[in-house]
Amino acid sequence: HREFEVYYQPRLDTFTLELIGVEALIRWFEPVEWEICPSEFIPLAEECGLIAQIDDWVMETACRDISACLSDGKPNLALSLNFSTNQFIRKDLDQVIANVLAQTGFPGQNLELEISENLFGPGSGNATELLQKIRLLGVEISIDDFGKAYSSLSRLKQLPLQTLKIDRSFVLDLGKDPDDETLVITIITMAHSLGLKVVAEGIETRAQYEFVKAHGCDAVQGFLFGRPQPIEEFRRQW
């Protein structure tokens, strides 16, 4: 019924506060219920086997939308997409992505795929091979919500990763919880030691921003800098 929409949240360079990317986020505005939370319908879509269609639609829509921003004079703007772990059952996922890039004209080097740590539990060798094929398209790979689920440091160094995103639950209590502060510092230090960039999401206060900035986090996103918004509003504001 065309009730899905793609919203975009800005990602900024921590030190210059320059716009460097956007994360595409799906929204469902149903006429009766109004907005239905993704945490409600995404697990259901995964259970029903519909998530691949949804992810593909978001990817194609976002690539077309952000292509216009690249034409507006933002050639280095990165587009970040969340992909369900269920997608990696598809052995042709790299070809699906290649087809979308070809159809939309979106450059692969501007695309970033956000995946969950859950993908890298025991027996995840096939997923690693698939990620290697996706990297050949120029697409960057990042781990979303790092520190929230299964993490194997030995696996991290084997994966074709470029970025770690610190889970917002650790960011929430920066300045209040010493344990969370230690975890954030540790993640940033470890990631940089492995040659990875770090993004802190869920930044809502100046104190949170100043903390991750002081400890060298590369990029930030959150309500302090901008809420997710439709493409028309995003292009007007940025």
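Calculation notes
- Residues numbered from 1 in each chain as written.
- Predicted model: local features only at pLDDT ≥ 70, side-chain atom pairs only at ≥ 80, totals over all residues.
- Heavy atoms only, no water.
- Buried < 20%, exposed > 50% of the residue type's maximum accessible area, 1.4 Å probe, protein only.
- Helix = DSSP H or I, 4+ residues; strand = E, 2+ residues; numbered from the N terminus.
- Pairing = 2+ DSSP bridges.
- Salt bridge = Lys/Arg side-chain N within 4 Å of Asp/Glu carboxyl O.
- 1 Å grid on protein atoms, 1.4 Å probe; cavity = no way out; pocket = protein on both sides within 12 Å on 5 of 7 lines; lining within 4 Å.
- Points joined across faces, edges and corners; volume = space filled by probe spheres on them.
- Nonpolar A, V, L, I, M, F, W, Y, C, P; charged D, E, K, R; others polar.

**Here we look at the pairing of strand β7 (residues 163-166)**
On a regular strand, one side chain projects to one face of the sheet and the next to the other, so that they alternate. The side-chain alternation of β7 yields two buried faces, one formed by Thr163 and Lys165 and the other by Leu164 and Ile166. Where strand β6 (residues 140-146) lies against β7, three bridges are found, and the strand directions are parallel. Bridge pairing in β7 places Ser142 opposite Thr163. In terms of strand pairing, β7 meets strand β8 (residues 197-200) through four bridges, oriented parallel. Along β8, the bridge assignment pairs Ile166 with Ala200.

**Some remarks on the pattern of salt bridges**
Going through the model one piece at a time under the given rule, you end up with 13 salt bridges. Residue Arg206 is joined to Glu210 by a salt bridge in which the shortest nitrogen-to-oxygen separation is 3.2 Å. A residue pair is termed a helical-turn pair when its members lie 3 or 4 positions apart in one helix, as Arg206 and Glu210 do in helix α8 (residues 206-214) at four residues. Taking the relative accessible area as the measure of exposure, Glu210 reaches 35% and is therefore partly exposed. Among the charged side chains, a network of salt bridges with common partners joins Arg11, Glu23, Glu112, Glu114, Asp144, Lys165, Arg168 and Glu201.

**Brief notes about the layout of surface pockets**
Approximately 1200 Å³ is the volume found for the largest pocket. Every residue lining the largest pocket is counted, 40 residues in all, and those nearest its centre are Leu25, Pro38, Asn82, Asp144 and Asp145. Every element with two or more residues in the lining of the largest pocket is listed here: β1 (4-13), β2 (19-30), α1 (38-48), α2 (51-71), β5 (111-116) and β6. Tallied by class, the residues present in the lining of the largest pocket amount to 16 nonpolar, ten polar and 14 charged.

**Brief notes about unusual backbone geometry**
The phi angle of most residues is negative, glycine excepted, and most peptide bonds adopt the trans form. For Arg2, which is not a glycine, the phi torsion comes out positive at approximately 60°. Inspection of the secondary structure puts Arg2 in the segment before β1. With a relative accessible area of 85%, Arg2 lands in the exposed category. Phi angles above zero are rare outside glycine, and Asp145 is one such case at about 50°. With respect to the helices, strands and loops of the structure, Asp145 is situated in strand β6. By relative accessible area, Asp145 is classed as partly exposed at 23%.

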